[in-house]
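Notes for the structure review
Chain by chain, the residues:
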Protein chains: 2
Amino acid sequence: MRWAEGFIAVDWGTTNRRGYRLGPSGRLEDRMEDDKGVLSVAAGGFPAAIARIRERLGDLPLLLAGMIGSNRGWREAPYAPAPAGLEELAERLVWVEPGRAAIVPGISWTAGDAADVMRGEEIQILGALADGMVGEEERICHPGTHNKWIRVEKGRIASFRTVMTGELFSLLKEHSILADLLAGPIEPGPAFEAGVRHGRAHDDLTAELFSIRARVLLGKAKSEDAAAYASGLLIGYDLKTGLDGPGDVAVIGRPDLTRLFAAAIRSCGRRAREIDGEAAFLAGARHLAEPMR
Amino acid sequence: MRWAEGFIAVDWGTTNRRGYRLGPSGRLEDRMEDDKGVLSVAAGGFPAAIARIRERLGDLPLLLAGMIGSNRGWREAPYAPAPAGLEELAERLVWVEPGRAAIVPGISWTAGDAADVMRGEEIQILGALADGMVGEEERICHPGTHNKWIRVEKGRIASFRTVMTGELFSLLKEHSILADLLAGPIEPGPAFEAGVRHGRAHDDLTAELFSIRARVLLGKAKSEDAAAYASGLLIGYDLKTGLDGPGDVAVIGRPDLTRLFAAAIRSCGRRAREIDGEAAFLAGARHLAEPMR
């Protein structure tokens, strides 16, 4: 079981995980995806869980990234403080099986009272950097359950801020008084862009969310526009945090989410290019595994 | 079963209800409270539900306020458009049992694209007005699942705005990544006031919420302060919508909530007086029932 023969990279999140087998040349050979996120694995259950990943993808070394390294995961991998690049991550790999299975640390950032953390996005961002998908000086948006706005300086993650946009939309959609209005599909379009405009221009997010329902009740808006408007509203408000200076934005992540965020950024007259988060993850995994191969 | 012999007033919300028996003189004689909100009553189940209220509190006429008059309740009671006072509510009572049981309508407000609705708060606010607890020209804050900021002009509800503060805090506490941090008790104090200050001064609510967790993870804040800070943050952000001009504020509602909102308003250097929502509800019920007695 040598790294030179290939390895398995796992993006192991809170509620699901994706595993990839990379061959001797680094080529993607096989993949799996399921809902066995870290919260579904009992304490002490991780050795058995990775045994099953190896049964599925091959008896190979493992590189594990994401919430697997949090205090709810297998073993806590202390954050690398920003500024941090691939070197800092490589130095801090936590070996849960000596020489055979390593957890990638997250990155922390502090400045005065401000503080932030990431786990899982760093490997994608630094992979995109190492493969030249993004430049040495970039503003990056990484949408997901928690959207991250990242400043890359001198080829490293210099600072970042997390916005709970995705999780808040899910909470509203699943559990709130707006739930029945938010069930529909979300596409960039006039309702989405109107939401973005309101979110960017006003400072009344928690009131405007209720207005969505009131307008439908009073016949001043169509219920089928509500989900796109609400999504645009939350994303537009999110842009206040991240789109605070000039320059283009590289949007990295799941294609359905990068599409929405890129549309919102473009509707503000700014340029955004979309980068597939999976390709960025695989690039990061290849670069991190390089010294072992 | 005549109104002159007394009546029952019910504040019938989405998830719970409170019933009060008022005697011939209007004195509170008995009360009940349970979790039989409108969502727990099946379609067609309301006649049986009020029969049980009468078994419990007496065979008397009924005045029903709150979500019982919504499209999820017994029968929809169309909103009275603002400006509206007790007269407009009385004119629009919906009689579900002729002469014996009436539903109080809510109030709607529109202006250009803006739109808002209330059901249940109007009887409290107009009751407080009719009994002189608030004046003819007032700014009112009514915290609850949805906080309402109301302008009273010439003794009527002139305009209002709803903010989802209470519901958002509940969603975060029950279902979000912040859940374990928000379980603690919330008291006005330094952490709460720091949250209010941040919410009022900044425009990054959905990012600052995540920072609460990051600061605890990185040892920059104490987990036991997180719930009070988060509550203060949401309330401080809420004040941006409602505390937009000069003047005192009358805060009407559940004492535990009016205490928090009044503390937040006072920490901004403004005066706030607290009015018990139950007393205001009973005042409104007495005034609305007066013409029938």
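Residues numbered from 1 in each chain as written. Chains lettered and ligands numbered in written order. Predicted model: local features only at pLDDT ≥ 70, side-chain atom pairs only at ≥ 80, totals over all residues. Heavy atoms only, no water.

Some remarks on the packing of helix α6 (residues 205-217) of chain B against helix α7 (residues 226-242) of chain B
Relative orientation and spacing of two packed helices are given, respectively, by the angle between their axes and the distance between those axes. Residues and elements named next belong to chain B. What counts is decided by this rule: Axis geometry follows a simple rule: fit a line to the C-alpha atoms, using only the stretch in contact for helices, then measure angles between N-to-C directions, giving values from 0 to 180 degrees. Secondary structure is summarised from DSSP: a helix means a run of H or I of at least four residues, a strand means a run of E of at least two, and numbering begins at the N terminus for each. Roughly parallel means an angle under 35 degrees; roughly antiparallel means over 145; roughly perpendicular covers 65 to 115; every other angle is labelled oblique. Between two residues, a contact is recorded if the distance between any of their heavy atoms is within 4.5 Å.
The N-to-C vectors of α6 and α7 enclose an angle of 170 degrees; their axes lie 11 Å apart at closest approach. In this view, α6 runs roughly antiparallel relative to α7, as classed from their interaxial angle. Here L205, E208, L209, I212 and R215 of α6 lie close against α7, whose contacting residues are A226, Y229, A230, L233, L234 and Y237.

Concerning the nonpolar core
Selection criterion: The nonpolar core is taken to be a set of buried Ala, Val, Leu, Ile, Met, Phe, Trp, Tyr and Cys residues, with the residues joined through side-chain atoms within 4.5 Å. Summary of the burial criterion: residues with accessible area below 20% of their type's maximum are buried, those above 50% are exposed, and those between are partly exposed, where the area comes from a 1.4 Å probe applied to protein chains only. What counts as a domain boundary in this text is fixed by an automatic or database domain assignment.
By size, the foremost hydrophobic cluster in this structure holds 46 residues, and its most contacted members are L172 of chain A together with L172 of chain B. Contributions of two or more residues to this core are made by β9 (114-118), α4 (165-175), α6 (205-217) and α7 (226-242) of chain A together with β9 (114-118), α4 (165-175), α6 and α7 of chain B. A domain split of this core shows at least three residues from each of domain 1 (3-133 + 281-292) and domain 2 (163-276) of chain A. Among the nonpolar cores identified, the runner-up in size contains 38 residues, and A9, I107, I125 and L282 of chain A belong to it.

Digging into the interface of chain B and chain A
One widely used convention gives an interface's size as the accessible area the parts lose upon coming together. Put simply, the rule reads: What counts as buried area is the accessible surface, traced by a 1.4 Å probe, that two parts surrender upon association, with contributions from both included. Salt bridge criterion: a side-chain nitrogen from Lys or Arg within 4 Å of a carboxyl oxygen from Asp or Glu. Residues adjacent in sequence count toward polar contacts only when both atoms are side-chain atoms; beyond that, a polar contact is any pair of N or O atoms within 3.5 Å, and within protein one must be able to donate a hydrogen and the other to accept it.
The interface is formed by 47 residues belonging to chain B together with 47 residues belonging to chain A. Summing both sides of the interface, chain B and chain A together bury roughly 4,000 Å²; the carbon and sulfur share of this comes to 61%. Counting the surface chain B buries against chain A, the share from its top three residues, M164, T206 and F210 of chain B, is 16%. Taken together, chain B and chain A are joined by eight salt bridges. Residues E208 of chain B and R161 of chain A are paired through a salt bridge, measuring 3.1 Å at the closest nitrogen-oxygen approach. Linking chain B with chain A are 22 residue pairs in polar contact (both at pLDDT 80 or more). Elements represented by at least two residues in the side of chain B that touches chain A include exactly β8 (107-111), β9, β12 (156-163), α4, α6 and α7 of chain B.

Quick look at the packing of helix α3 (residues 121-130) of chain B against helix α9 (residues 277-289) of chain B
All names here are of chain B. Contact geometry for α3 and α9: axes closest at 7 Å, N-to-C directions at 80 degrees. If you check the angle between α3 and α9, you find them roughly perpendicular. Side by side, α3 and α9 meet where I123, Q124, G127, A128 and A130 of the first sit next to G277, A280, F281, A283, G284, A285, H287 and L288 of the second.

Looking at α6 of chain B
All names here are of chain B. Basically, it comes down to this: In this analysis, the expected span of each helix is defined as 1.5 Å times one less than the number of residues it contains.
Over its 13 residues, α6 runs 19 Å from end to end, which matches the ideal 18 Å to within 8%, given 1.5 Å per residue. A large share of α6 lies buried, amounting to eleven of its 13 residues. G219 sits one or two positions beyond α6 and adopts a positive phi of about 75 degrees.

Considerations on the pattern of salt bridges
Evaluated as defined, the whole model comprises 45 salt bridges over all chains. Sharing partners across several salt bridges, the network here consists of R161 of chain A together with D204, E208 and R215 of chain B.

Concerning the sheet that holds strand β1 (residues 7-12) of chain B
Residues and elements named next belong to chain B. This is how it is decided: Between any two strands, at least two bridges found by DSSP are needed for them to pair.
With mixed pairing, the six strands of this open sheet are ordered in space as β3-β2-β1-β4-β7-β6. Where the open sheet ends on each side, the last strands, each with one partner, are β3 (28-34) and β6 (94-97). Put simply, the sheet's adjacent strands are angled 20 degrees from each other on average, direction ignored. For β6 and strand β7 (residues 101-103), the ladder comprises three bridges, and the chain directions are antiparallel. Pairing of E97 across the sheet is with A101, part of β7. Each of β1, β2 (17-22), β3, β4 (62-66), β6 and β7 is contacted by helix α1 (residues 46-57), which is oriented at about 125 degrees to β1, the strand it contacts most.

Focus on the packing of aromatic side chains
To keep things clear, this is the line we draw: Each Phe, Tyr or Trp ring (for Trp, its six-membered ring) is paired with any other whose centre lies within 6.5 Å, and the angle between the two planes then decides the class: stacked below 30 degrees, edge-to-face above 60, tilted in between.
Across all of its chains, the model carries eleven aromatic pairs over all chains by this definition. Summarising the aromatic geometry, the rings of W3 of chain A and F7 of chain A are spaced 5.6 Å apart at their centres and angled 40 degrees between planes, so their arrangement reads as tilted. By relative accessible area, which is 0% here, F7 of chain A ends up buried. Here W3 of chain B and W95 of chain B contribute two aromatic rings whose centre-to-centre distance is 6.1 Å and whose plane-to-plane angle is 85 degrees, an arrangement assigned as edge-to-face. Remark: W95 of chain B occurs in strand β6 and W3 of chain B occurs in the segment before β1; sequence separation between them is 92 residues. According to the relative accessible area criterion, W3 of chain B is buried, its value standing at 5%. Residue W95 of chain B is classed as partly exposed on the basis of its relative accessible area, which comes to 30%. Cluster of aromatic residues (ring-pair linked, three or more members): W3, F7 and W95 of chain A.

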